[in-house]
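Structural features, examined
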Number of protein chains: 2
Amino acid sequence: MAHSDQYIDKLRKSGLRPTKQRIKICEVLFDAEKTFHFTIKELVKIIENQANIKVSLATVYNTVHAFIRKGYLKEIPLNASQSYFDTNVTHHHHFFDEEENKLIDIHQDDVDEVNIKRIIPGKKIRSVEVIAKIVSDNQSQK
Amino acid sequence: MAHSDQYIDKLRKSGLRPTKQRIKICEVLFDAEKTFHFTIKELVKIIENQANIKVSLATVYNTVHAFIRKGYLKEIPLNASQSYFDTNVTHHHHFFDEEENKLIDIHQDDVDEVNIKRIIPGKKIRSVEVIAKIVSDNQSQK
DNA sequence: CAACAGTTTAGAATAAATATAATGTATTAT
DNA sequence: ATAATACATTATATTTATTCTAAACTGTTG
Ligand SMILES: [Mn+2]
Ligand SMILES: [Mn+2]
Ligand SMILES: [Zn+2]
Ligand SMILES: [Zn+2]
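Residues numbered from 1 in each chain as written. Chains lettered and ligands numbered in written order. Predicted model: local features only at pLDDT ≥ 70, side-chain atom pairs only at ≥ 80, totals over all residues. Heavy atoms only, no water.

1. A few points about the nonpolar core
To keep things clear, this is the line we draw: Buried Ala, Val, Leu, Ile, Met, Phe, Trp, Tyr and Cys residues form a nonpolar core when they are joined through side-chain atoms within 4.5 Å. For each residue, the accessible area found with a 1.4 Å probe, counting protein chains only, is set against the maximum for its type, and the residue is called buried under 20%, exposed over 50%, and partly exposed in between. Counting from the N terminus, the helices are the DSSP runs of H or I reaching at least four residues and the strands are the DSSP runs of E reaching at least two. A contact between two residues is defined here by any heavy atoms of the two lying within 4.5 Å.
Grouped together as the largest cluster of nonpolar side chains are 23 residues, with contacts concentrated most on Leu29, Phe30, Phe38, Leu43, Val60, Val64 and Phe67 of chain B. Those elements that place two or more of their residues in this core are α1 (4-13), α2 (20-30), α3 (40-50) and α4 (57-70) of chain B. Ranked by residue count, the leading element in this core is α2 of chain B, at six residues. Residues contacting Leu43 of chain B, with those up to four places away along its chain left out, are Val28, Leu29, Phe38, Val60 and Val64 of chain B. Among the nonpolar cores identified, the runner-up in size contains 22 residues, and Tyr7, Leu11, Val28 and Ala66 of chain A belong to it.

Right, here's the structure in full:
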């Protein structure tokens, strides 16, 4: 439990008390080797498989949203039917594999800065995100 | 009713019979001066205000999805809580005004081609979309 | 215009997300 | 440490977007 202090810190900074449910959520989210994308349902399943702690859906939703508010997680809108979340909170872009229904990160350095010529008076750009949909390349055909 | 034939054509090509409900939906969607963005709820409200035809939610959903399948409408994922649709089916990008919750088109010519250096073996890019979130520019401060 | 296929609709069903309120726990004050 | 307090957790109910169902209705075709 080397990272436990960091989780407690993240929780406290999010205005949340460090309870065992929330620390478990942190372990799943922030202990992973690599960042990853998930739905709430998937997160609940991971927690259930990885621990014998029972965590209610409400707690997972509340904790995830608290982390999003603080910038410890990002929400990726892709599909109207459910939210995807991202533990990679750096500025980056995505491939979305339409066949596997999987997000794949594209590092910011792998996309030339997006140059938008149009401006809206009185408004400024806060963020720019690129989503590239990909499918199998059956290049043999045609 | 000059455009009526076009609507009937669109409906037939979508595999739908031209009923008065569907023609009304077409009028709202395709008769507008400019292309526009809408949610299903907004579309139903427009129809109710503009006609004394009653159209059920189910019919609106079904017709909109049939048009999406045919490419007569596009769906814009923005927000997990509800779908936005677009009568502009050309390849283009969007500003999303986070304060007004409104989409604004960015013409393809107003964005330099997005150059993604990374490739995924066996996959090809089908589409690339940019969403730039905008907020008020209170430039007076700081 | 009859017969049929396809359509509309109200209402039910589903599923994601959020709210509620009773019970439990971390924190703080004593 | 213990009690008091504030906050959390949970099961459950609610809300909301969307889809399904099945009965009544309408466009189409001959
Ligand atoms: Mn959300
Ligand atoms: Mn849809
Ligand atoms: Zn990502
Ligand atoms: Zn648009």
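After presenting the structure, the write-up continues.
2. Looking at the domain arrangement of chain A
Interface extent is often summarised as the accessible area lost during association of the parts. Residues and elements named next belong to chain A. This is how the line gets drawn: Either an automatic procedure or a domain database provided the assignment from which the domain bounds are taken. We define buried area as the total accessible area lost by two parts upon association, computed with a 1.4 Å probe and summed across both. Salt bridges are defined by distance alone: a side-chain nitrogen of Lys or Arg within 4 Å of a carboxyl oxygen of Asp or Glu. Between N or O atoms, a polar contact is any pair within 3.5 Å; within protein, one atom must be a potential hydrogen donor and the other a potential acceptor, and residues adjacent in sequence are included only when both atoms are from side chains. Following the grouping adopted for this structure description, the nonpolar residues are Ala, Val, Leu, Ile, Met, Phe, Trp, Tyr, Cys and Pro, the charged ones are Asp, Glu, Lys and Arg, and the polar ones are all others, Gly among them.
Domain boundaries assigned for chain A yield domain 1 (2-76) and domain 2 (90-134). Measuring from the centre of the C-alpha atoms in domain 1 to the corresponding centre in domain 2 gives 25 Å. When domain 1 packs against domain 2, close to 520 Å² is buried across both sides, 50% of that on carbon and sulfur atoms. At the junction of domain 1 and domain 2, the tally comes to one salt bridge. Between domain 1 and domain 2 we count three residue pairs in polar contact (both at pLDDT 80 or more) in total. Here the residues of the side of domain 1 that touches domain 2 are counted per class, giving one nonpolar, two polar and two charged.

3. Topic: the coordination of the zinc ion (ligand 3)
Residue and element names in this part refer to chain A. Put simply, the rule is: Sites may look incomplete because water is not among the atoms; the donors themselves are N, O and S atoms within 2.8 Å of the metal, or within 3.2 Å for Na, K and Ca.
Each protein donor to the zinc ion (ligand 3) is listed here as His37 (NE2), Asp86 (OD), His92 (NE2), His94 (NE2) and Asp105 (OD); together their distances run 1.9 to 2.2 Å. Ordering the donors of the zinc ion (ligand 3) by residue number gives the pattern H-x48-D-x5-H-x1-H-x10-D. Taken together, the residues span a long stretch of sequence, with His92 in strand β4 (residues 92-97) and Asp105 in strand β5 (residues 102-107) at a distance of 13 residues. Each member of the pair, His92 as well as Asp105, is classed as buried.

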